[in-house]
Amino acid sequence: MRKIILEKLIYKNYLKTALTSILFIEIALLIIYFSANENMVKTSIDFISKDIKKSVKTTVDNVTAQIEYRFQNIEIIAKVLQNEHQNFFKYKYKIDDSTKPVFNYAKNGMYFKSVDNGGSSVAISKYTDITDSFKSKIINSEIFDNTFKSVVDNNEMIIAAYFNSHDNMSRYYPYIQNVYDALPSDLNVSSYNFYYKANLKNNPEKNVVWTDIYLDPAGQGWMMSVIAPIYNNGFLEGVTGIDVTVNAIIDNFLNFKLPYNGSSFLVDKHGKVIAMTKKVEKVLDQENNKIHKYDKNKKIKKTIFQDAEKNILKNKNKELVEVLKKVIDGSESFFNLSMNDHNYALFAEKVNRTPWYLVSLIDKNEIISEVRDLESYYKNLGYLIIVLIIVFYLIFFIYLYLKAKSFVETINNPLSKIINMTKNLATIKQIEMLEECGIVEIDTLSENFNNLSKELDERTKKLVRAESQRAFHEKLANTDALTKVYNRRFLEDFSENYIKILKREKTTLSLLLIDIDNFKKINDSYGHGIGDSILKTLVTHIKNVIRENDIIVRLGGDEFVVLLPNSNISNAKKIANKLITTINTINQLEKNELVFTISIGSSEYNQEDTNINYLIKRADDSLYKAKELGKNCVQ
């Protein structure tokens, strides 16, 4: 192969190729950019205009699907409450006497729960006869509160859950202080839509139903409810319901981001506004229901609905009304609309499972403004780039020419140093041998690296062997020789750091202490070989029922500890019972000398524990109780 010195290669090709090629490419790019800039702006304007309809529709579709999903979930929750409450009346559940609530009579004659026990408030009309049977019902219905609390506390859409009985008992979560002041003393639940909408006349299918928007008598403002009738042998015992406020609907569904400062509202098939943001109210000149100020002296004795004149189909803008009628008819989903000297793009989508339509408005002036700004930006950017490129390359071309001669020395000196360094360097393994490329200096560098790679290979092999031996000895020190699980030394080292993590992260840890029943007798009867086989078999069974990240430790003899990170005591006992069941099932298939049972004690970490021994001590105490109870069990 004919070789060439690097110095000659650079002089021959650098100025001739690099300078002329770069100059040619940049001039060509400038011409292309300059000619394409105007066309690019026009294309961008067209693209943005076309993309608006598609992107907004995608966003509206996604929000619509979210609304459908969230309301479907709320309906499912209502069905769960319906099933629970109907079972309550069918099987006549009773609560523990120690948890009975405290009731008193208010000055206005209502019978109410006077102490907040973390559950619902309860109020009964002053005209309801408080018999012993009725008292038993309202006391035992405290069982509803666990589900009410779970429903309300774990769903941001739900503001309240309640049960209203046919005999004018109102159980409402969350608890309302002085509930007798919030409701009329002569409470008649059948006069409210969140009761009569679910009766047999209005709901012959006995399914869950949604109410229209109404003013909450309990003081939560404008809302709607999903309600379900509670029947007992064909008799309507009452109605259970879930409240969703209009503000919750706005916060969860209408404050989503639309391009060009668009905004949305919900309207039903009759033109009633379900929810509307302040911005849309201003655009449509459609005042929605304001926050209601409750008068303590005027109780709401029947349902108060939205004002009929606030129906959006009665809006003074006739074009808007005609567009919304087409939306409700389902004939179209995109419209151009003129209002208040502004042109709007209106997008609509039906919300399945409800009689609602999600309607979004975008001011076209916002779109035009964005496009014009984009056009101006592209032009200014193009002019700036042209000026910068011309100035830059004039300086750059001169600079390259002047630096061409010194460049050879600049590159040769570092290469010479690298050649000298690689003669003694042997710290990095070179996987492949370098081949000659025809440049003297680089070929020399390649030869040195080839020699270096051989030496690195030998060193690496020695290092791997040494590291393997170290890892093997470390594993032996932390592993039980017979069962191949961790030993007590590992437990002490591991738990010291893990307890600190538990305290810092405020997570939990459960521990199982496992002991083979009558293990000494097994050894004495069948020999230590059988005993060792049983120990190995036990470890296999444990591995089959625990998770991959759970830890098995042999404390000594026939005692094992199982650490269950992020598991509470209840889950730990489930695992323990599963292990005992597995062993008892396999025992039926084993020979007599391999049959064994185990007893298990359990404990759970608390913040007062400073080391693992506290958990082991509590588990050992519960293990002792398991032995006292006849073994082969969990405590």
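A brief report on the enclosed structure follows. All of these numbers come straight from a predicted model, not from anything done at the bench. (Residues numbered from 1 in each chain as written. Predicted model: local features only at pLDDT ≥ 70, side-chain atom pairs only at ≥ 80, totals over all residues. Heavy atoms only, no water.)

It is worth spelling out the overall build of the protein chain at this point. Within the protein chain, the regular secondary structure consists of 15 helices and 19 strands. Looking at the protein chain as a whole, 44% of its 635 residues qualify as buried. Long-range pairs, those at least 24 residues apart, make up 65% of the contacts in the protein chain with a sequence separation of at least 6. Roughly 35,800 Å² of accessible area belongs to the protein chain as shown, and the carbon and sulfur atoms make up 53% of that amount. (Helix = DSSP H or I, 4+ residues; strand = E, 2+ residues; numbered from the N terminus. Buried < 20%, exposed > 50% of the residue type's maximum accessible area, 1.4 Å probe, protein only. Contact = heavy atoms within 4.5 Å. Areas by Shrake-Rupley, 256 points an atom, 1.4 Å probe, with all protein chains shown as cover.)

Take helix α12 (residues 519-526) next. Listing the buried residues of α12 in full gives Phe519, Ile522 and Asn523. Each buried residue of α12 lies within a common arc of 95° when the element is viewed along its axis, so the set occupies one face. The exposed residues of α12 that point more than 90 degrees off its buried face are Lys520, Lys521 and Asp524. Looking at the buried positions of α12, the neighbouring elements they touch are β16 (509-516) and α13 (528-545). Gly527, located one to two residues past α12, shows a positive phi value of around 100°. (Arc of directions from axis to C-beta.)

Taken in spatial order, the five strands make up an open sheet running β15-β17-β18-β16-β19, and their pairing is mixed. Unpaired on one side and paired on the other, β15 (486-487) and β19 (598-604) mark the two borders of the sheet. Sheet analysis places β16 next to strand β18 (residues 559-565), joined by seven bridges and oriented antiparallel. Looking at the pairing, Leu513 lines up with Val561 of β18. (Pairing = 2+ DSSP bridges.)

What follows covers unusual backbone geometry. Tyr173 connects to Pro174 through a cis peptide bond whose omega is 10°. Positionally, Pro174 belongs in the loop between β5 (169-173) and α4 (179-182). In this structure, Asp341 takes a positive phi of about 65° despite not being glycine. Residue position: Asp341 is located in the loop between β12 (334-339) and β13 (342-351). Note on Asp341: relative accessible area 80%, which makes it exposed. We note that Asn518 has phi near 55°; this positive angle belongs to a residue other than glycine. In this structure, Asn518 sits in the loop between β16 and α12.

Here the focus is the pairing of strand β3 (residues 121-124). Residues of β3 alternate between two faces, with Ser121 and Ala123 on one and Val122 and Ile124 on the opposite face, all of them buried. When strand β2 (residues 111-113) meets β3, the two strands line up antiparallel, connected through two bridges. What sits directly across from Phe112, in β3, is Ala123. Pairing between β3 and β5: four bridges, direction antiparallel. Following the sheet pairing, Ile124 is matched in β5 by Met169.

In this structure the tally under the stated criterion is two cavities of 30 Å³ or more. Along the walls of the largest cavity sit 14 residues, with Asn164, Ser170, Tyr172, Leu183 and Phe194 positioned nearest its centre. Elements represented by at least two residues in the lining of the largest cavity include exactly β4 (160-165) and β5. Taken together, the residues of the lining of the largest cavity sort by class into ten nonpolar, two polar and two charged. The space that makes up the second largest cavity amounts to roughly 30 Å³. Those elements giving two or more residues to the lining of the second largest cavity turn out to be α13 and α14 (569-587). (1 Å grid on protein atoms, 1.4 Å probe; cavity = no way out; pocket = protein on both sides within 12 Å on 5 of 7 lines; lining within 4 Å. Points joined across faces, edges and corners; volume = space filled by probe spheres on them. Nonpolar A, V, L, I, M, F, W, Y, C, P; charged D, E, K, R; others polar.)

Right, let's get into the pattern of salt bridges. Counted according to the given criterion, the structure contains 17 salt bridges. Where Glu142 meets Lys113, a salt bridge forms, and the shortest distance between an N and an O atom there is 3.1 Å. Of this pair, Glu142 sits in the loop between α2 (132-140) and α3 (144-153) while Lys113 is found in strand β2, placing the two residues 29 residues apart along the sequence. As a salt-bridge pair, Asp609 and Arg618 come within 2.8 Å of each other at their nearest N and O atoms. Accessibility expressed as a relative area gives 2% for Asp609, which makes it buried. Sharing partners across several salt bridges, the network here consists of Lys113, Glu142, Asp145 and Arg171. (Salt bridge = Lys/Arg side-chain N within 4 Å of Asp/Glu carboxyl O.)

Once that is clear, we can look at the nonpolar core. Counting 61 residues, the largest nonpolar core has Ile249, Leu266 and Trp356 as the members making the most contacts within it. Sorting elements by how many residues they give to this core places helix α1 (residues 6-91) first, with twelve residues. Beyond its immediate stretch of four places on either side in the chain, Leu266 contacts Ile67, Ile249, Leu254, Lys272, Val273, Ile274, Ala275, Val351, Trp356, Tyr357 and Leu358. Ile534, Leu538, Ile552 and Ile575 belong to the second-largest nonpolar core, a separate cluster that totals 27 residues. (Core = buried A, V, L, I, M, F, W, Y, C linked by side-chain atoms within 4.5 Å.)

On to the sheet that holds strand β10 (residues 263-268). Strand order in the open sheet made by the five strands is β11-β10-β14-β13-β12, with antiparallel pairing throughout. In the strand order of this sheet, the two ends are held by β11 (273-276) and β12, each with one partner. Between one strand axis and the next, the sheet turns through 25° on average, direction left out of account. In this sheet, strand β14 (residues 356-363) lies alongside β10 in antiparallel orientation, the contact comprising six bridges. Bridging across to β14, Asp268 finds its partner in Trp356. Each of β10, β11 and β14 is contacted by helix α6 (residues 246-254), which is oriented at about 60° to β11, the strand it contacts most. Where helix α8 (residues 318-329) meets the sheet, it contacts β10, β12, β13 and β14, and its direction lies at approximately 165° from that of β12. (Axes fitted to C-alpha atoms, helices over the stretch in contact; angles between N-to-C directions.)

α14 packs onto α13 with a crossing angle of 130° between their chain directions and a minimal axis gap of 10 Å. Judged on the interaxial angle alone, α14 and α13 are oblique. α14 is crossed by α13, and the crossing has right-handed handedness. For the pair α13 and α14, the contacting residues are Leu538, His541, Ile542 and Val545 in the first and Ile575, Lys578, Leu579, Thr582, Ile583 and Ile586 in the second. (Parallel < 35°, antiparallel > 145°, perpendicular 65-115°, else oblique. Left-handed = near helix turned anticlockwise from the far one by under 90°.)

The next subject is helix α15 (residues 612-628). Over its 17 residues, α15 runs 25 Å from end to end, which matches the ideal 24 Å to within 8%, given 1.5 Å per residue. Ile612, Leu615, Ile616, Ala619, Ser622, Leu623 and Ala626 are the residues of α15 that are buried. All buried residues of α15 project into a common sector of 130° when viewed along the axis, lining one side. Set apart from the buried face of α15 by more than 90 degrees, the exposed residues are Tyr624 and Glu628. (Expected span 1.5 Å × (residues − 1).)

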